Amino acid sequence: MSNKYFVDKIDPYNKIQQKKRRSGTGSSLFNTKSSTEQQTLPLLRDTPATEQEALFISKLNQCSIIYNFDEPLIDIRGKEIKRACLSEIDEYVVNGKGVLSEPVYPELIQMVASNIFRIIPPVEPVLYDPDEDDPLLVSSWPHLQLVYEFFIHVLESPDFQANFAKKYIDQRFVLHLLELFDTEDPRERDMLKTALHRIYGKFIGLRSFIRKSINNIFLRFIYETEQFNGCAELLEILGSIINGFALPLKSEHKLFLERVLLPLHKTKLLDQYHAQLAYCIVQFLEKDPTLAEVVIKSLLKYWPKTCSRKEIMFLGEVEELLELIDIKEFPKFIEPLFQQIARSVLSTHFQVAERALFFWNSEAVVRAIELNVNTVMPIMFPSLYRITKEHTNQAILTLVYNVLKAFTDMNAGLFEELTVNYEKEQAK
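Each chain has its residues counted from 1, running along the sequence as written. Predicted model: local features are reported for residues with pLDDT of at least 70 only, side-chain atom pairs are reported and counted for 80 or more only, and whole-chain, interface and lining totals are derived from all residues. Here the side-chain values reflect all heavy atoms present in the structure, with hydrogen atoms and water set aside.

Caption draft 1: Geometry of the overall build of the protein. For the purposes of this entry, the term helix denotes a DSSP run of H or I that reaches at least four residues, the term strand denotes a run of E that reaches at least two, and both are numbered from the N terminus. What the protein contains, in helices and strands, is 20 helices and zero strands. Of the contacts formed within the protein by residues at least 6 apart in sequence, a portion of 77% connects residues at least 24 apart. We call two residues in contact when some of their heavy atoms are within 4.5 Å.

Printed below as a string of structure tokens:
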């Protein structure tokens, strides 16, 4: 099969071109072909079985013609013929038996590739705020959606033969597929997520390459670009992959946790993929509880200093992790953890302080504190006592008094000693 349909990388656009792009109608550049007038081919269901394979291939070639949807009034008939053809071949694959014969695969993969593989223009971060700006949707979605659905149904078909397809769905194909995850269109990213997940399941020989390629995307995102639209979708795929890791965990998987997943916490776009990232971390701890020290200490290392929104996310994630961690693991990190909690309860941001104090609503956390009260109470006491004297927010004061009462119940003698010592220090 020819590799002409694969789109090679180009030099990034300059800033002027990027600014113009924000007012465009699509988030990508297709290599549109100047098509001749398309003719409607016979329906597959009306064709003798012996001729269906040849007709199927002809329809795949017909669907390889790309139309410019930025000009909606051009090639209207051709666009409708292609749409109908895509719908028909999708139904043919879903309902037919034995339709994915070996000669079909090169034409099928070429059709998919010629439709979906294209240039995703880079975006200057200052020009696009995902919280404020609407994503640029792919203008050709009426065709593109059908192509993705067809490709996914092919991968899911009982007739699909990975041995026939592996000549065409190779490492180069996977790399181009991964590049598309940077599209701004969330509909396309969702389709890509499903397609890549199916490829990972079907092509065992590509699994290691897919994981390494995703690693490289994340490392480039963390340390170079700080801009990538598909982090949440890739992490969702990884969550499923991690769930299937065999025990004991390989060293390469642990390194992936330490060098890729945990550093993802430090980017400014964390809120776009935090839920999926936290799920991946949970999967690792459920597989190997001894990783708790590495995880908690890494979160403390990347703890946000000036962003209250991120700090609230960190506090929520830490509490969720503490509820999973074996009680025997707590002494390894409890001191630096509660040194950070003590700083968080003193935050001038009401929600940060409140979220930190909510730790005492968790039975698992309270149980761990009770077993390590001689370590935790001296760390927390100065911050809590200071709040009772200086804070004006009644909700925070109520939470603090509840925490102080809990400490009193755990070790009244230590609480009294800390009170006396703190008041002496303040009196000096």
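Caption draft 2: Inspection of the packing of aromatic side chains at higher detail. Note on aromatic pairs: the rings of Phe, Tyr and Trp (six-membered ring only in Trp) are paired at centre separations within 6.5 Å, and the planes decide the class, stacked below 30 degrees, edge-to-face beyond 60, tilted for the rest. Going through the model one piece at a time under the given rule, you end up with 18 aromatic pairs. Seen from their ring centres, Phe117 and Phe173 are 5.0 Å apart, and the 65 degrees between their planes marks the pair as edge-to-face. Residue Phe117 is found in the loop between α4 (104-116) and α5 (141-156), and its partner Phe173 is found in helix α7 (residues 171-179); the two are separated by 56 residues along the sequence. Ring plane angle 75 degrees and centroid distance 6.0 Å describe the contact between Phe160 and Phe203, whose orientation is recorded as edge-to-face. A residue pair is termed long-range when its members are at least 10 positions apart, and Phe160 in the loop between α5 and α6 (162-165) and Phe203 in the loop between α8 (186-202) and α9 (207-225) qualify at 43 residues. Every member of this aromatic cluster is reached through a ring pair, and the members are Tyr105, Phe160, Phe164 and Phe203.

Caption draft 3: Expanded view of the pattern of salt bridges. Only one rule defines a salt bridge in this text: a Lys or Arg side-chain nitrogen within 4 Å of an Asp or Glu carboxyl oxygen. Applying the stated criterion to the full structure yields 19 salt bridges. Notably, a salt bridge pairs Glu80 with Arg83, separated by 2.7 Å at the nearest N-O pair. With Glu80 and Arg83 both in helix α3 (residues 76-95) and three residues apart, the pair spans about one turn of that helix. A network of salt bridges, in which partner residues are shared, links Asp190, Lys193 and Glu236.

Caption draft 4: Region of the structure containing unusual backbone geometry. For the bond running from Leu247 to Pro248, omega is -5 degrees, close enough to zero to count as cis. Relative to the helices and strands, Pro248 resides in the loop between α10 (231-243) and α11 (251-261). In the Ramachandran plot, Asp75 falls in the positive-phi region, its phi being about 55 degrees despite a non-glycine side chain. Topologically, Asp75 is positioned in the loop between α2 (49-62) and α3. Throughout this description, buried means an accessible area under 20% of the type-specific maximum (1.4 Å probe, protein chains only), exposed means over 50%, and partly exposed covers the range between. The class of Asp75 is partly exposed, set by a relative accessible area of 38%.

Caption draft 5: How the structure looks around the environment of Lys82. With respect to the helices, strands and loops of the structure, Lys82 is situated in helix α3. Given a relative accessible area of 1%, Lys82 falls into the buried group. In this view, Lys82 contacts Gln38, Cys63, Ile65, Ile66, Tyr67, Asn115 and His143; residues no more than four positions away in its chain are not counted.

Caption draft 6: Region of interest: helix α17 (residues 363-371). The complete set of buried residues in α17 reads Ala364, Val365, Ala368 and Ile369. The buried residues of α17 occupy an angular sector of 135 degrees when projected down its axis, which confines them to one face. With respect to the buried face of α17, the exposed residues turned more than 90 degrees away are Glu363 and Leu371. Along its buried surface, α17 packs onto α14 (308-322), α15 (334-345), α18 (373-390) and α19 (394-410). This arc describes the spread of directions from the helix axis toward the C-beta atoms.

Caption draft 7: How the structure looks around the side chain of Lys310. By secondary structure assignment, the location of Lys310 is in helix α14. His is not counted, nor are the chain ends, whereas Lys and Arg count as positive and Asp and Glu as negative. Although Lys310 is buried, it forms no salt bridge, and the closest oppositely charged side chain is Asp271 at an N-O distance of 8.4 Å. There is a polar contact of 3.2 Å between the side chain of Lys310 and the backbone oxygen of His265. Not counting residues within four places of it along the chain, the set of residues in contact with Lys310 comprises His265, Lys266, Thr267, Leu270 and Pro304. Polar contact is defined as a pair of N or O atoms within 3.5 Å, subject to the rule that within protein one atom must be able to donate a hydrogen and the other to accept it, and that residues adjacent in sequence are counted only when both atoms are side-chain atoms.

Caption draft 8: Quick look at the environment of Asp185. Note on placement: Asp185 falls in the loop between α7 and α8. Spatially, the C-alpha atoms of Asp185 and Asn229 are 8.9 Å apart, while their sequence positions differ by 44 residues.

Caption draft 9: Main features of α11. Listed as buried for α11 are His253, Phe256, Leu257, Val260 and Leu261. Axial view of α11: buried residues confined to an arc of 115 degrees, hence all on one face. Along α11, the residues that are exposed and aim more than 90 degrees away from the buried face are Ser251 and Arg259. Packed against the buried residues of α11 are α9, α10, α12 (274-287) and α13 (292-301).

Caption draft 10: Expanded view of the nonpolar core. To qualify as a nonpolar core, a set must consist of buried Ala, Val, Leu, Ile, Met, Phe, Trp, Tyr and Cys residues joined through side-chain atoms within 4.5 Å. Judged by nonpolar contacts, the single largest core of 138 residues is most densely connected at Leu261, Phe338 and Phe407. Each residue touching Phe407, except ones within four places of it in the same chain, is listed here: Trp360, Ile369, Val373, Val376, Met377, Met380, Leu384 and Phe415.

Caption draft 11: Region of interest: the packing of α14 against helix α16 (residues 350-357). Lines fitted to C-alpha atoms define the axes, with helix axes restricted to the stretch in contact, and inter-axis angles between N-to-C directions lie between 0 and 180 degrees. Contact pair α14 / α16: the axes reach a minimum separation of 9 Å and the direction vectors enclose 10 degrees. Here α16 runs roughly parallel to α14, going by the angle between their axes. Together, Ser308, Glu311, Ile312, Leu315, Gly316 and Glu319 of α14 and Gln351, Val352, Arg355 and Ala356 of α16 make up the contact between the two elements. We call Asp, Glu, Lys and Arg charged. Ala, Val, Leu, Ile, Met, Phe, Trp, Tyr, Cys and Pro are nonpolar, and the rest, Gly among them, are polar. Grouping the amino acids of the contact of α14 with α16 by side-chain chemistry returns four nonpolar, three polar and three charged. Between 65 and 115 degrees an angle is taken as roughly perpendicular, under 35 as roughly parallel, over 145 as roughly antiparallel, and anywhere else as oblique.

Caption draft 12: Spotlight on the side chain of Glu317. Assignment of secondary structure puts Glu317 in helix α14. Lacking a salt bridge, the buried Glu317 has Lys310 as its closest oppositely charged neighbour, with an N-O distance of 10 Å. A polar contact is formed between the side chain of Glu317 and the side chain of His265, at a distance of 2.9 Å. Non-local contacts of Glu317, meaning those with residues more than four positions away in its chain, are made with His265, His274, Ala278, Ile281 and Leu299.

Caption draft 13: Summary view of the packing of α2 against α4. The N-to-C vectors of α2 and α4 enclose an angle of 20 degrees; their axes lie 9 Å apart at closest approach. What the angle tells us is that α2 and α4 run roughly parallel. Where α2 crosses over α4, the handedness of that crossing is left-handed. Note on element contacts: α4 touches α2 through Val104, Glu107, Leu108 and Met111, opposite Glu53, Phe56, Ile57, Leu60 and Asn61. Looking at the contact of α2 with α4 residue by residue, the classes come out as six nonpolar, one polar and two charged. By the definition used in this description, the sense in which the near helix is turned from the far one sets the handedness, with an anticlockwise turn below a right angle giving left-handed and a clockwise turn giving right-handed.

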